[in-house]
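# Geometric and topological summary
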Amino acid sequence: MSKHPSENPQPDNYNRAYPKWLVGTMGLNFLSLLLSPFYLFGGINPVEGGGILRFLGFVAVNLFWVVPCLCFFFSLDIWGKEHKTLGIAIGVMGIAVTIAGTYYLWTFF
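All of these numbers come straight from a predicted model, not from anything done at the bench. The numbers attached to residues start from 1 for each chain and follow its sequence in the written order. Where local features are concerned, this predicted model is filtered to residues with pLDDT of at least 70; where side-chain atom pairs are given and counted, the filter is 80 or more; whole-chain, interface and lining totals use all residues. Side-chain numbers here rest on the full set of heavy atoms in the structure, without hydrogens or water.

## Overview of the side chain of Asn 29
- Under the scheme used here, helices are H or I runs from DSSP no shorter than 4 residues and strands are E runs no shorter than 2 residues, and both carry numbers assigned from the N terminus. Its location among the elements puts Asn 29 in the loop between α1 (20-26) and α2 (31-34).
- The buried label goes to any residue with under 20% of its type's maximum accessible area, the exposed label to any with over 50%, and the partly exposed label to all in between, with areas taken from a 1.4 Å probe on protein chains only. Judged by its relative accessible area of 0%, Asn 29 falls in the buried class.
- Among all residues touching Asn 29, those that are not within four sequence positions of it are Pro 68, Cys 69, Cys 71, Phe 72, Gly 91, Gly 94, Ile 95 and Thr 98. Two residues form a contact once any of their heavy atoms are found within 4.5 Å.

Given below as structure tokens:
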């Protein structure tokens, strides 16, 4: 037995359609994912000192690729919840972190 669609409505965000320009632009955040092997295995550690400090430096450097990936998903989620300007701002922040991380790698190697 099928119900009438008005008796079982879908949530508002059930079928989100994102503009191609948004997904393409925010997709630049995944460039840092391609650089992640350099962060993970490149021996980059800005901290000289003991074990705990070196570990914290390793974690801080790896945020250069983790944060942009998270920003991609958060920007699309917030865009879908009708906060379009905030979603774009979060995505642009992720792109800025990607650029900063790429510059950091460029100066290190």
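## As for the pattern of salt bridges
- For this document, the term salt bridge refers to a Lys or Arg side-chain nitrogen within 4 Å of an Asp or Glu carboxyl oxygen. A complete count under the given rule lists two salt bridges for this structure.
- Ionic pairing is found between Asp 77 and Lys 81, a salt bridge with its closest N-O pair at 3.3 Å.
- Exposure remark for Asp 77: the relative accessible area of 27% places this residue in the partly exposed category.
- Residue Lys 84 is joined to Glu 82 by a salt bridge in which the shortest nitrogen-to-oxygen separation is 3.4 Å.
- Of the residues examined, Glu 82 reaches a relative accessible area of 59% and is grouped as exposed.

## Comments concerning helix α4 (residues 51-80)
- The span one expects for a helix is its residue count, reduced by one, times 1.5 Å. Look at α4: 43 Å from first C-alpha to last across 30 residues, which is about the 44 Å you get at 1.5 Å a residue.
- At Leu 63, α4 is deflected by roughly 40°, the largest bend along its length.
- Buried within α4 are the following residues: Gly 57, Val 61, Asn 62, Trp 65, Pro 68, Cys 69, Cys 71, Phe 72, Ser 75, Leu 76, Trp 79 and Gly 80.
- Tucked into the core, α4 has its buried residues touching α1, α2, α3 (36-41) and α5 (84-108).
- Of the residues flanking the end of α4, it is Glu 82, one or two places downstream, whose phi is positive at about 70°. Bending is quantified residue by residue as the angle between axes fitted to the seven-residue window ending at that residue and the seven-residue window starting at it.

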